[in-house]
Amino acid sequence: MLFKQLKQRLAMNALAQGEYRKAEERFRKLREKEGDSQGIRHNIAVCLMAQEKFDEAEPLFMEELEDYGECFSRHVTLGDLYYIWGKREECERFYRLSLEEAPSTKVTNILKKRLATCKDPEAFARVEESQKLLKEGRKKNSEEDFDAAMDCFERSFERDASQYQSLNEAGVLALNQKKDPRKALYYFEKAELLSDLSIVRKNIEIARRMIAKEES
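Residues numbered from 1 in each chain as written. Predicted model: local features only at pLDDT ≥ 70, side-chain atom pairs only at ≥ 80, totals over all residues. Heavy atoms only, no water.

## Some remarks on the confidence of the model for the protein chain
Spelled out, the test is: Within a predicted model, pLDDT stands for the predictor's per-residue confidence, ranging from 0 to 100. Note on conventions: DSSP H or I runs of at least 4 residues are helices, E runs of at least 2 residues are strands, and numbering of each starts at the N terminus.
Confidence in the prediction of the protein chain, expressed as mean pLDDT, is 91, and 97% of residues score 70 or more. Across the protein chain, the secondary-structure element scoring lowest on mean pLDDT is helix α1 (residues 2-16), at 80, and the one scoring highest is helix α9 (residues 146-159), at 97.

## A closer look at helix α8 (residues 121-142)
The following threshold applies: For a helix, the expected span equals 1.5 Å multiplied by the residue count minus one. The cut-offs for exposure are 20% and 50% of the maximum accessible area for each residue type, with area from a 1.4 Å probe on protein chains only; residues under the lower value are buried, those over the upper are exposed, and the others partly exposed. Here the arc refers to the set of directions running from the helix axis out to each C-beta atom. The criterion used for residue contact is that any of the two residues' heavy atoms lie within 4.5 Å. Identification of polar contacts relies on pairs of N or O atoms within 3.5 Å, with a donor-acceptor requirement for protein atoms, meaning one able to donate a hydrogen and the other able to accept it, and with residues adjacent in sequence counted only if both atoms are side-chain atoms.
The end-to-end C-alpha separation of α8 is 32 Å, in line with the 32 Å expected for 22 residues at 1.5 Å each. Among all positions of α8, only Ala-123, Phe-124, Val-127, Ser-130, Gln-131, Leu-133, Leu-134 and Gly-137 are buried. Take α8 and look down its axis: the buried residues cluster within an arc of 165°, on one side only. Away from its buried face by more than 90 degrees, α8 exposes Glu-122 and Lys-132. In the core, the buried residues of α8 are packed alongside α5 (72-85), α6 (88-99), α7 (105-119), α9 and α10 (164-176). Where α8 begins, the side chain of Asp-120 points an oxygen toward the backbone nitrogen of Glu-122, at a separation of 3.0 Å. Positive backbone phi, at 65°, marks Glu-144, one or two positions downstream of α8.

Listed below in structure tokens is the structure:
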């Protein structure tokens, strides 16, 4: 049991830190041992989506919807998939379903913002620009060109003010490469205003622990 929990924690840590390929590998190994459980399958799909393997992520999310039923979390995840995939009509469909069950005012406001973007072809085109900058930022980060990566993440957010992924990755870069937990916390907290994802909350906790350690 402890070994299983350790493997799950390592997989989740890799996902939280934006190491999507590593996280995918770890979740797939867990799937081999545990079977096709809901959480593991979902996290594999999240890793695939982050790597822009949209056509591989889509059937996993759809299987989850079919196996466990319709609900806000599954609808909004599919909306997010189609949003970054550039499929405007599909995105609008699932965001509308999500809006009916939004759990908070914050989420409602974000969904309304993205639905407005879906209705405006020019605004939706800027989403594609934002995604390209996010991808370029990840590439620069992998090449250890951290200043260029940060610039890409920041410009990605400028193109799409709902782009919490860019903020989260800017925070991860500030935390791990720049060793600046305060700047990282700034990005994570901005991302948390746009997303209820546990990954973002986990990164906030990590940054706060590092700040507390520095101050002790």
